[in-house]
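# Structural features, examined
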Amino acid sequence: MKVVLIGVGQAGGKITQSLAEFDYDMGFDAVKGALAVNTARPDLSELDIDTQLIGQDRVKGHGVGGDNELGAEIMQESATEVMDNLDGRLTTEAEAIVVVAGLGGGTGSGGAPMLTRELQRIYNIPVYVLGVLPGRDEGGLYQANAGRSVKTCAREADSLILIDNDGWKASGDSLEAGFERINDAIAQRIGLLFASGEAVEGVGESVVDSSEIINTLKGGGIASVGYAAAESSEDPGENVNTITSVTRNALLTSMSLPDAIDAERGLLVIAGHPERISRKGVERARKWMEEETGSLEVRGGDFPIDSEKLASLVVLGGVERSERVQEFMDRAREAEQEKNKEIDPMEGLENDGLDDLM
């Protein structure tokens, strides 16, 4: 699937760069353009992809300080300017636009849904949001911001592909190392998803194409992506169990939204050398996915690449009713209520019996 990426905010810009670099390094040529948009000039200066500063007249290049309503306002004012910059990258090859953002900050959580709405109004190809949820330890403001952003993105986008930071953090990671490792994991999974059917070594029996990805992500709502890999045998008959095993690991232990298994639609992509992929294994794994997810709409196919490993890429669409999503939305709602109850720091000074100087 040929895509154009737009990173919004600090996390969105970094992930967009990771995706573009992964696609380039692997030679997939699925990413046809990449742009990072932000209200904070220093965040853009760290990137090697094309960048665009917005809201300079409002925040002077200093960012919105976690205020996602301000982030949304600035994006609304700047949407035409952003899309003018995008026009040169959106050729007839592009099959989808992907807006990438961390959903806890101000520019990303406010700007991503607003930009998605404007893109949907102008273009007739799918517009997806790749959104990253903040971890529990990132503070109540980030939880509240993300809750509002998730709700809006799921409504405005053709699909909101969610990444849960808490599900991918490793114990002992520093904050910077943790985010870097998560960004690399996102780039691998999402990069392989977009590359499916684009750059192939040899011809598989049932190669996944863009229409199958689009049909899995159709209908709005929330989607999740998982990945696992293992060494394979040269004999495809010996890889039946390998395929079912890596699919089980991808679905049960490696999804971008852990424990969000119930889904409306699914896609299973088995990547590896075409002579090592067992059709029997792919079909068995696909049927197992149907039983596990409760979906009768699970597609399956090959992604032939020159590798001695076999990998399973799992995509689930329509997981918004899962417990994992509901738990996060409950947490975000509580954070929003706490934020609204915050006491004005000046309140204690207004009734202390002292005269005002002015």
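Residues numbered from 1 in each chain as written. Predicted model: local features only at pLDDT ≥ 70, side-chain atom pairs only at ≥ 80, totals over all residues. Heavy atoms only, no water.

Our working definition: UniProt positions are given in the numbering used here, feature names are shortened, and annotations may be inferred rather than shown by experiment.
Named according to an unreviewed UniProt entry, the protein chain is Tubulin-like protein CetZ originating from Halomicrobium mukohataei. UniProt's Sequence similarities (unreviewed entry) comment on the protein chain is quoted here verbatim: "Belongs to the CetZ family." Check the Subcellular location (unreviewed entry) section of the UniProt entry for the protein chain; it says "Cytoplasm".

### Notes on the overall build of the protein chain
Our working rule: Here a helix means four or more residues in a row that DSSP labels H or I, a strand means two or more in a row labelled E, and each is numbered from the N terminus. Pairs of residues are marked as contacts when any of their non-hydrogen atoms sit within 4.5 Å. For the area figures, the Shrake-Rupley method with a 1.4 Å probe applies, and any residue is considered shielded solely by the protein chains shown.
A tally of helices and strands in the protein chain yields 13 helices and ten strands. Of the contacts made within the protein chain by residues no fewer than 6 positions apart, 79% connect residues no fewer than 24 positions apart. Just so you have it, the protein chain exposes about 16,200 Å², and 45% of that area is on carbon and sulfur atoms.

### Concerning the pairing of strand 2 (residues 31-38)
Applicable threshold: Burial here depends on accessible area, computed with a 1.4 Å probe over protein chains only, as a share of the maximum for the residue type. Under 20% is buried, over 50% is exposed, and the range in between is partly exposed. The rule for pairing is simple: two strands pair if DSSP sees at least two bridges between them. When the strands point away from the viewer and the path from the first strand over the helix to the second turns clockwise, the crossover is right-handed.
The buried fraction of strand 2 amounts to seven of the eight residues, a majority that puts the element mostly inside the structure. Alignment of strand 1 (residues 3-8) against strand 2, held across six bridges, turns out to be parallel. Pairing of leucine 5 across the sheet is with alanine 34, part of strand 2. Taken together, strand 1, helix 1 (residues 9-26) and strand 2 constitute a β-α-β crossover, and its handedness is right-handed. As judged from the four bridges shared by strand 2 and strand 3 (residues 50-53), these two strands associate in the parallel manner. If you follow leucine 35 over to strand 3, its bridge partner there is aspartate 50.

### So, empty space enclosed by the protein
For the record, the criterion: Of the two site types, the cavity is a set of points on a 1 Å grid over the protein atoms alone where a 1.4 Å probe fits but cannot get out, and the pocket is an open set with protein on both sides within 12 Å along at least five of seven lines, each lined by residues with an atom within 4 Å of a point. Grid points are joined across faces, edges and corners, and a volume is the space filled by probe spheres set on the points. Here the nonpolar group is Ala, Val, Leu, Ile, Met, Phe, Trp, Tyr, Cys and Pro; Asp, Glu, Lys and Arg are the charged ones; every other residue, Gly included, is treated as polar.
Across all of its chains, the model carries two cavities of 30 Å³ or more by this definition. Computed from the structure, the largest cavity encloses a volume of approximately 40 Å³. Leu133, Val150, Leu162, Asp164, Ile222, Leu257, Arg324, Val325, Phe328 and Met329 together form the lining of the largest cavity. Listed by contribution, the elements that provide at least two residues to the lining of the largest cavity are strand 6 (159-164) and helix 12 (323-340). The leading source of residues in the lining of the largest cavity is helix 12, at four residues. Among the residues forming the lining of the largest cavity, the class breakdown is eight nonpolar, no polar and two charged. Estimated volume of the second largest cavity: approximately 30 Å³. Forming the boundary of the second largest cavity are Gly9, Gln10, Gly13, Lys14, Ala36, Val37, Asn38, Asp43, Leu44 and Leu47.

### Observations regarding the pairing of strand 7 (residues 222-231)
The element strand 7 is extensively covered by neighbouring structure, given that seven of its ten residues are classed as buried. Across two bridges, strand 6 lies against strand 7 in parallel orientation. Following the sheet pairing, leucine 160 is matched in strand 7 by isoleucine 222. Here strand 7 runs beside strand 10 (residues 309-317); their pairing, made up of nine bridges, is antiparallel.

### Details of the packing of helix 4 (residues 68-87) against helix 5 (residues 107-122)
Between two packed helices, the angle of one axis relative to the other and the distance separating the axes together describe the packing. Operational definition: Between N-to-C directions, angles cover 0 to 180 degrees, with each direction set by a line fitted to C-alpha atoms, over the stretch in contact for helices. Working rule for angles: under 35 degrees goes down as roughly parallel, over 145 as roughly antiparallel, 65 to 115 as roughly perpendicular, anything else as oblique. Two helices cross in a left-handed way if the nearer one is turned anticlockwise from the farther one by less than a right angle. They cross in a right-handed way if the turn is clockwise.
One can describe the packing of helix 4 onto helix 5 by two numbers: an axis separation of 7 Å at closest approach and a directional angle of 40 degrees. It follows from the interaxial angle that helix 4 and helix 5 lie oblique. The handedness of the crossing between helix 4 and helix 5 comes out as right-handed. Two secondary-structure elements touch here, helix 4 through Asn68, Gly71, Ala72, Met75, Gln76, Ala79, Val82, Met83 and Leu86 and helix 5 through Thr107, Ser109, Gly110, Gly111, Met114, Leu115, Glu118, Leu119 and Ile122. Here the contact of helix 4 with helix 5 is composed, by residue class, of ten nonpolar, seven polar and one charged.

### Quick word on the packing of aromatic side chains
Operational definition: For Phe, Tyr and Trp, rings pair up if their centres lie within 6.5 Å, where Trp contributes its six-membered ring, and each pair is then called stacked (planes under 30 degrees apart), edge-to-face (over 60) or tilted (otherwise).
According to the stated counting rule, one finds two aromatic pairs in the structure shown. Note on phenylalanine 28 and phenylalanine 303: the rings are 5.7 Å apart at their centroids and 50 degrees apart in plane angle, and the pair reads as tilted. Pair noted here: phenylalanine 28 is in the loop between helix 1 and strand 2 and phenylalanine 303 is in strand 9 (residues 298-304), with a separation of 275 residues, a long-range link. The residues phenylalanine 28 and phenylalanine 303 share a single accessibility class, namely buried.

### Here we look at the side chain of threonine 107
The condition is simple: We call two N or O atoms a polar contact when they sit within 3.5 Å, provided that within protein one can donate a hydrogen and the other can accept it, with sequence-adjacent residues counted only if both atoms are side-chain atoms.
In this fold, threonine 107 is placed in helix 5. A polar contact is formed between the side chain of threonine 107 and the side chain of threonine 39, at a distance of 2.7 Å. Ignoring sequence-local partners within four residues, the contact set of threonine 107 consists of Val8, Gly9, Asn38, Thr39, Val64, Gly71 and Ala112.

### With respect to the layout of surface pockets
Considering only enclosed or pocket space, the largest pocket measures out at about 880 Å³ in volume. For the largest pocket, the lining is made up of 37 residues, of which Gln10, Ala11, Lys14, Glu138 and Phe179 are closest to its centre. For the lining of the largest pocket, the secondary-structure elements that each account for two or more residues are helix 1, helix 5, strand 5 (127-133), helix 6 (140-156) and helix 8 (175-195). Looking at the lining of the largest pocket residue by residue, the class counts come to 14 nonpolar, 17 polar and six charged. Of the voids in this model, the second largest pocket is the one considered here, and its volume is about 200 Å³. Lining the second largest pocket we find 13 residues, and of these Ala72, Ser109, Gly110, Pro113 and Thr152 sit closest to its centre. Breaking the lining of the second largest pocket down by element, the ones donating at least two residues are helix 4, helix 5 and helix 6. Considering only residue class, the lining of the second largest pocket consists of three nonpolar, five polar and five charged.

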